[in-house]
Amino acid sequence: MPVNQNIQNFYRSAADKDFSRDFLFRVTQMQLQGVPALEEGDLIYVKTASLPGRNITNVAVPYMGLNLNVPGAATYPGSESYALSLYLDAKSNLRNYFETASRALFDDQTSTGEYGTPDDDFFIQLAQLDKDLEPVAEYKLIGASLRSISDIGYDIASGTGATVQIDATVSYHFYTKER
């Protein structure tokens, strides 16, 4: 039987199904451990984020010199370091938000903090969108907790007025598909 994956069939399929585009993705809600939720006006500053992956571990079962490959538990690669890049607002509210979250988790002045296991009250909600900006899939990263805030570079001597960004790294336990 011949393979029918030619240019004409690709074109027909692409015209029917179209393509997902690299800007049709949003962070729609964020509630990190130790701080109030970010509002939609704050989340519009998100420049880049990613849809996380999910793996099923392999369990090798040896028998008479042959390994049978059996599916095991789920893992979430990168869940310990989920990266977000955001435009920094003029009043640095986003930087202050992430600093507050960091100090709520561990305050080095008192050696105390909310560094317990984050539950499902702390999450990041993601949406894949169609061209009308309607969600086609939604994901919820469960147990979201801040891990790092990047330094912010300013170029006082030869700056051009370019926007500045802030990068934050968050961990989560797992994700659920909401839609």
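Since we're looking at a predicted model, the values are computed, not measured.

**Regarding the environment of Asp151**
Residue position: Asp151 is located in the loop between strand E8 (145–149) and strand E9 (165–171). The class for Asp151 is exposed, based on a relative accessible area of 67%. Between the C-alpha atoms of Asp151 and Pro135, which are 16 residues apart in sequence, the distance is 33 Å.

**Quick notes on helix H1 (residues 7–17)**
With respect to burial, H1 is a largely exposed element, only 1 of its 11 residues being buried. Of the residues flanking the end of H1, it is Asp18, one or two places downstream, whose phi is positive at about 60 degrees.

**Observations regarding the nonpolar core**
Grouped together as the largest cluster of nonpolar side chains are 32 residues, with contacts concentrated most on Met30, Leu32, Phe98 and Ile124. When contributions to this core are tallied by element, the ones reaching two or more residues are strand E1 (25–31), strand E5 (82–87), helix H3 (93–105), strand E6 (123–129), strand E7 (135–142) and E9. Ranked by residues supplied to this core, first place goes to H3 with 5 residues. Ignoring sequence-local partners within four residues, the contact set of Phe98 consists of Met30, Leu32, Leu86, Leu146, Ile149, Ile166 and Ala168.

**Examining the sheet that holds E8**
If you walk across this open sheet you meet the 4 strands as E2-E5-E9-E8, and the pairing is antiparallel. Across the chains shown, the open sheet's two edge strands, defined by having one partner strand only, are strand E2 (46–48) and E8. Pairwise comparison of adjacent strand axes, ignoring direction, gives a mean angle of 40 degrees for this sheet. Two strands pair when backbone bridges link them, and E5 and E9 are joined in this way by 6 bridges, in the antiparallel orientation. Its bridge partner being in E9, Tyr82 is matched across the sheet by Val170.

**Observations regarding the pairing of E7**
Where E6 and E7 come together, 7 bridges link them in antiparallel fashion. Residue pairing across strands places Ala127 opposite Glu138, the latter belonging to E7.

**Things to note about the layout of surface pockets**
A probe as big as a water molecule, rolled over the atoms, marks out the empty space that is left. If you add up the space inside the largest pocket, you get close to 400 Å³. Counting only elements with at least two residues in the lining of the largest pocket, the list comes to E1, helix H2 (40–43), E2 and E6. Looking at the lining of the largest pocket, the element that brings in the most residues is E1, giving 4 residues. The residue makeup of the lining of the largest pocket, split by class, is 10 nonpolar, 2 polar and 4 charged.

**Focus: the sheet that holds E1**
Ordered by their spatial adjacency, 4 strands build an open sheet running E1-E6-E7-E10, and the pairing between neighbours is antiparallel. The open sheet is flanked by E1 and strand E10 (174–177), the only strands paired with a single partner. Strand-to-strand twist of the sheet, defined as the mean angle between neighbouring strand axes without regard to direction, takes the value 20 degrees. In terms of strand pairing, E7 meets E10 through 4 bridges, oriented antiparallel. When the sheet's bridge partners are listed, Tyr139 is paired in E10 with Lys177.

Rules of the game
- Residues numbered from 1 in each chain as written.
- Predicted model: local features only at pLDDT ≥ 70, side-chain atom pairs only at ≥ 80, totals over all residues.
- Heavy atoms only, no water.
- Helix = DSSP H or I, 4+ residues; strand = E, 2+ residues; numbered from the N terminus.
- Buried < 20%, exposed > 50% of the residue type's maximum accessible area, 1.4 Å probe, protein only.
- Core = buried A, V, L, I, M, F, W, Y, C linked by side-chain atoms within 4.5 Å.
- Contact = heavy atoms within 4.5 Å.
- Pairing = 2+ DSSP bridges.
- Axes fitted to C-alpha atoms, helices over the stretch in contact; angles between N-to-C directions.
- 1 Å grid on protein atoms, 1.4 Å probe; cavity = no way out; pocket = protein on both sides within 12 Å on 5 of 7 lines; lining within 4 Å.
- Points joined across faces, edges and corners; volume = space filled by probe spheres on them.
- Nonpolar A, V, L, I, M, F, W, Y, C, P; charged D, E, K, R; others polar.

Structural measurements only, silent on function.
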